[in-house]
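# Structural overview for review
This is what each chain is made of:
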Amino acid sequence: MAMTPEQKKHFYKKLFRLMWIVVAQLCIFIFACSWLGEEITRECISFNSFLTEMINAEPRISTTVVTLMATALSLASGALLGHSVKEATRHMLWKPRTMIEVSAGVALVEGSFWFKRKHIWLSLAVLFVYGVLQLLVTGWTTLLAPTVVSCRSRLDGIELNITSPEFSQSLAIQLGTFASNIMRDDAFPLLDVGGSVSGISAAGISFGMPGIINFNQAKYNLSTRGILPVIQSFAGATAPPSSSNGTRLQFSGGATIVNNTISAGPQGSMSNWFGIQTNYTVDQQGITADINCQAADNNTLNLNLNLTNSNTTISVNSPGSPSASTLVVWNSTAYCNTSSIAYQQYYTSTNASSQPADSSGPGFLPTVVCPGHINGSDVYSRFVIATQGFDKYAFLPSTVCEVIPIVTTTRVNYINGGTIDPAEIISSQEFASSDTDLLFYLASVVNYHARNSQGLSNNFIGDTLYAVYSGRYNTPIGSNASQVYRELEDYWRGVIEFSATFLRAGYSTEGAFPGGGIPSDMTSSYNGTMSVLTVGWANRGPIYIFSILPLGIVTLLTMMATVYSLIKAAQDPDKQTSFDISNTFHLIMASAEGSTAGGLTSALHGFDDAGLIKNEKVRIRLVEPDEGHRKMFVAEPTQKEEHLDHEP
């Protein structure tokens with residue numbers, strides 16, 4: 001039957017009201033889904049503003065704000081569901097319903113707890129809706145609350161490649177300006193302290209001793225591993241070199257070039273995020289060495305350098321002293337091969353008899369470096385060190401150390417707080433034939449340390465070996481030569497690694513090349529990740545989807561109740577009730593109207609347990625005789641209900 005204009009007006013008014021409920025509920029649900037989708041697709045969300053710092057500094061404020069938002073959104077969703085259910089119950093009451101069903105409907109509209117043991121299925125349905133409504137706040141809080149999250153982003157950049165042919169050519173030219181001989185160690189006075197400290201720290205690694213190397217205001221854990229910092233906040237010095245000549249092999253400290261980019265990624269750019277902790281892991285080029293030290297008279301290296309030490313005494317007149325001092329001049333030689341002899345010269349003090357010191361006097365530990373071929377089949381990929389301790393360093397017998405420098409790809413951890421930790425070598429390879437000048441540079445640095453470590457009465461390397469050993473063992477050092485060899489290997493490895501870092505710094509500093517940057521043919525690429533521990537939101541896995549499940553159920557129930565109301569309104573346009581089942585005032589008025597006209601009072605029983613049970617089965621329905629009256633009548637019982645009422 002066609003609707004009258006008045007019925008159409010009432011229907012469309014209800015339609016717009018119910019559509020507004022559905023749209024509002026859908027908007028809330030879409031907002032939740034969109035936010036969850038952002039967290040899943042972007043994996044990590046934070047801010048680069050004052051807001052993140054405030055959340056971290058005052059977590060109670062953020063908790064309060066999130067709780068208020070979650071409560072407001074939950075109340076809004078619950079109110080929309082209650083309004084849609086209220087509309088549906090208006091139409092349901094046009095047909096006979098038991099009093100217990102009406103009671104359950106009131107509980108649904110109000111979202112309150114309701115349970116009747118004798119009506120278990122109806123109770124479970126009401127409790128399900130009640131539970132879902134109670135979980136709304138939990139779901140919204142889980143979804144909106146910021147927490148401490150770890151966010152990652154890719155990092156890419158370029159650095160100096162010290163094994164490139166172009167760099168080797170530049171290094172050869174630079175070395176040639178200092179000396180014409182192969183051991184060009186006059187260029188390395190600045191390496192003295194840094195190399196020694198790095199050697200000491202590396203020597204303690206075998207014993208688990210902690211050590212931090214500070215170079216150019218950057219901090220390395222245990223050893224530099226031949227790397228240079230590629231993260232600006234870890235690079236150390238920020239001022240340019242003190243002079244135009246303070247670059248390359250004359251490096252005297254200063255800012256080094258850092259060239260990298262941080263990918264925006266799906267979570268956006270993290271470069272400006274506030275980080276509680278910011279760590280980096282980068283795979284970059286490094287230099288280390290494989291060193292093997294053995295006794296000279298019984299080694300598996302097939303090396304017999306025949307280290308010899310000749311000496312003579314000389315008198316030295318000290319200014320202002322009436323008597324002359326006596327020094328011992330040493331000439332230490334090693335036969336590197338049949339056509340090459342390497343030598344080193346030292347000065348030491350004498351004993352009371354003006355003779356070279358004995359075991360109770362000053363110590364002497366000569367070291368000679370053979371930089372080239374050991375035999376005709378060798379390539380320039382290694383060098384050999386010959387050394388022997390005398391007097392108080394007699395715990396180190398005549399020793400040969402084979403040094404094989406290695407180019408590595410090192411995984412470097414840049415730890416929050418400024419420490420650089422070259423933790424793991426990913427891959428490595430020995431020097432190629434094009435790295436000859438780099439090999440001679442490293443050998444020259446070792447030669448420089450070997451000469452300058454010997455003083456008049458002590459040797460820095462010997463003292464280091466003794467101190468590190470004594471810090472670990474209580475046994476005499478002379479009875480554990482194998483452990484002393486391991487210390488010596490680590491010491492020289494630390495010196496070589498620091499020498500490579502020094503070389504990188506000198507050629508990577510501002511002004512080392514014309515134009516301010518490193519030539520592209522001398523660079524190599526590196527990559528890594530930036531990890532930011534910050535306050536925000538992150539993808540917490542598939543289970544995180546359950547945070548919007550209560551809201552999804554509420555949205556579905558709202559739409560079902562709304563569709564039911566619209567269908568019934570279209571089917572019965574005459575029924576235009578405004579009765580509110582959740583309004584106690586409406587219930588009292590309708591019941592009072594029905595008691596005088598339809599026998600509602602006579603149909604009800606007492607408030608005792610038996611009476612209440614019978615009242616639950618009373619079927620009532622809503623009648624609207626005119627616009628100003630709403631009546632609750634007793635409906636005729638079904639045959640089944642009559643049978644149950646007459647059972648004993």
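Residues numbered from 1 in each chain as written. Predicted model: local features only at pLDDT ≥ 70, side-chain atom pairs only at ≥ 80, totals over all residues. Heavy atoms only, no water.

### Thoughts on the overall build of the chain
The secondary structure content of the chain amounts to 15 helices and 17 strands. Classification of the 648 residues of the chain by burial places 47% in the buried group. The long-range share in the chain, meaning contacts at least 24 apart out of those at least 6 apart in sequence, stands at 73%. Here the chain has roughly 31,000 Å² of accessible surface; of this, 57% comes from carbon and sulfur atoms. (Helix = DSSP H or I, 4+ residues; strand = E, 2+ residues; numbered from the N terminus. Buried < 20%, exposed > 50% of the residue type's maximum accessible area, 1.4 Å probe, protein only. Contact = heavy atoms within 4.5 Å. Areas by Shrake-Rupley, 256 points an atom, 1.4 Å probe, with all protein chains shown as cover.)

### Quick word on the packing of aromatic side chains
One pass over the full model with this rule turns up 17 aromatic pairs. For the ring pair Phe167 and Tyr507, a centre distance of 4.8 Å and an interplane angle of 75° mean the geometry is edge-to-face. In this pair, Phe167 sits in helix H6 (residues 165–176) while Tyr507 sits in helix H10 (residues 481–508), placing the two residues 340 residues apart along the sequence. Each member of the pair, Phe167 as well as Tyr507, is classed as buried. Among the aromatic residues, those joined into a cluster by ring pairs are Phe215, Phe251, Phe498 and Phe502. For the cation-ring pair, Arg248 lies above Phe513, with the distance from its terminal atom to the ring centre recorded as 4.8 Å. (Phe/Tyr/Trp six-rings, centres within 6.5 Å; stacked < 30°, edge-to-face > 60°. Lys NZ or Arg CZ within 6 Å of the ring centre and 35° of its normal.)

### A word on the pattern of salt bridges
In total, this model carries seven salt bridges according to the counting rule given. One salt bridge connects Asp156 with Arg154, and the closest N-O pair in it is separated by 3.0 Å. The class of Arg154 is partly exposed, set by a relative accessible area of 45%. Two residues, Glu497 and Arg225, come together in a salt bridge whose shortest N-O distance is 3.6 Å. Placement of Glu497 in helix H10 and of Arg225 in the loop between strand S5 (218–221) and strand S6 (259–262) is noted, with a sequence separation of 272 residues between them. Taking the relative accessible area as the measure of exposure, Glu497 reaches 0% and is therefore buried. For Arg225, a relative accessible area of 22% translates into the label partly exposed. (Salt bridge = Lys/Arg side-chain N within 4 Å of Asp/Glu carboxyl O.)

### Details of the packing of helix H5 (residues 120–144) against helix H11 (residues 549–571)
Running from N to C, H5 and H11 cross one another at 130°; their axes reach a closest spacing of 8 Å. One way to sum up the angle between H5 and H11 is to call them oblique. Crossing of H5 over H11 shows left-handed handedness. Residue-level inspection shows Phe128, Val129, Val132, Leu133, Leu135, Leu136 and Trp140 of H5 in contact with H11, the latter providing Pro550, Leu551, Ile553, Val554 and Leu557. For the contact of H5 with H11, the class distribution of residues is 12 nonpolar, no polar and no charged. (Axes fitted to C-alpha atoms, helices over the stretch in contact; angles between N-to-C directions. Parallel < 35°, antiparallel > 145°, perpendicular 65-115°, else oblique. Left-handed = near helix turned anticlockwise from the far one by under 90°. Nonpolar A, V, L, I, M, F, W, Y, C, P; charged D, E, K, R; others polar.)

### Overview of the state of the cysteines
For the structure on display, the rule yields three disulfides. The disulfide bridge from Cys44 ends at Cys151, spanning 1.4 Å between sulfur atoms. Taken together, the residues span a long stretch of sequence, with Cys44 in strand S1 (residues 44–45) and Cys151 in strand S3 (residues 147–160) at a distance of 107 residues. In this pair, the class of Cys44 matches that of Cys151, namely buried. For the chain, the bonded cysteines connect in the pattern 1-2, 3-6, 4-5 when numbered consecutively along the sequence. (Disulfide = S-S within 2.5 Å.)

### Points about the nonpolar core
Grouped together as the largest cluster of nonpolar side chains are 74 residues, with contacts concentrated most on Leu171, Phe383, Tyr414, Tyr441 and Trp492. Counting 27 residues, the second largest nonpolar core, distinct from the first, contains Val66, Val85, Trp140 and Tyr544. (Core = buried A, V, L, I, M, F, W, Y, C linked by side-chain atoms within 4.5 Å.)

### Structural notes on a nonpolar patch on the surface
A cluster of nonpolar residues, Phe113, Phe115, Ile120, Trp121 and Leu124, forms a patch on the protein surface that exposes about 580 Å² of accessible area. Along the polypeptide, Trp121 turns up in helix H5. (Patch = residues over 30% accessible without salt bridge, like charges linked within 9 Å, V, L, I, M, F, W, Y side chains within 5 Å.)

### Re H10
Across its 28 residues, H10 extends 41 Å between first and last C-alpha, which sits within 8% of the 40 Å expected from 1.5 Å per residue. The element H10 is largely enclosed, with a buried count of 25 among its 28 residues. (Expected span 1.5 Å × (residues − 1).)

### Re the pairing of strand S14 (residues 419–430)
As judged from the two bridges shared by S5 and S14, these two strands associate in the parallel manner. Across the sheet, residue Lys219 finds its bridge partner in S14, namely Thr419. Sheet analysis places strand S13 (residues 399–415) next to S14, joined by 10 bridges and oriented antiparallel. The partner of Arg411 across the bridge, within S14, is Glu424. If you look at the hairpin formed by S13 and S14, you'll find three residues sitting between the two strands, and Gly417 has a positive phi there, around 115°. (Pairing = 2+ DSSP bridges.)

### Here's the deal with unusual backbone geometry
If you check the backbone angles, Gln217 has positive phi at about 70° while not being a glycine. Mapped onto the secondary structure, Gln217 falls in the loop between strand S4 (212–215) and S5. Since its relative accessible area comes to 64%, Gln217 is described here as exposed. The phi angle at Arg248 is positive, at roughly 50°, despite the residue not being glycine. The residue Arg248 is located in the loop between S5 and S6 in this model.

### Some remarks on the confidence of the model for the chain
Summary statistics for the chain give a mean pLDDT of 78 and a share of 73% for residues scoring 70 or more. When the elements of the chain are averaged for pLDDT, helix H15 (residues 639–645) gives the smallest value, 43, and S13 the largest, 93. (pLDDT = per-residue confidence, 0-100.)

### With respect to H11
Its 23 residues give H11 an end-to-end C-alpha distance of 33 Å, which sits within 8% of 33 Å, the value for a rise of 1.5 Å per residue. Here H11 has its buried residues at Pro550, Leu551, Val554, Thr555, Thr558, Ala561, Thr562, Ser565, Leu566, Lys568 and Ala569.

### Focus: the environment of Ile415
Inspection of the secondary structure puts Ile415 in strand S13. Sequence-wise, Ile415 and Tyr280 are 135 residues apart; in three dimensions their C-alpha atoms are separated by 6.8 Å. The residues contacting Ile415, other than those within four sequence positions of it, are Phe234, Asn279 and Asp421.

### Observations regarding the side chain of Thr224
You can see Thr224 is positioned in the loop between S5 and S6. Side-chain polar atoms of Thr224 contact the side chain of Thr501, separated by 2.8 Å. Ignoring anything within four residues of it in the chain, the contact list for Thr224 reads Ile213, Pro422, Glu497, Phe498 and Thr501. (Polar contact = N/O pair within 3.5 Å; in protein donor to acceptor, adjacent residues only side chain to side chain.)

### Describing the environment of Ala289
Relative to the helices and strands, Ala289 is located in strand S7 (residues 277–295). As a C-alpha pair, Ala289 and Arg493 span 204 residues in sequence and 5.7 Å in three-dimensional space. Excluding anything up to four places from it in sequence, Ala289 contacts Val403, Ile404, Pro405, Ile406, Arg493 and Ile496.

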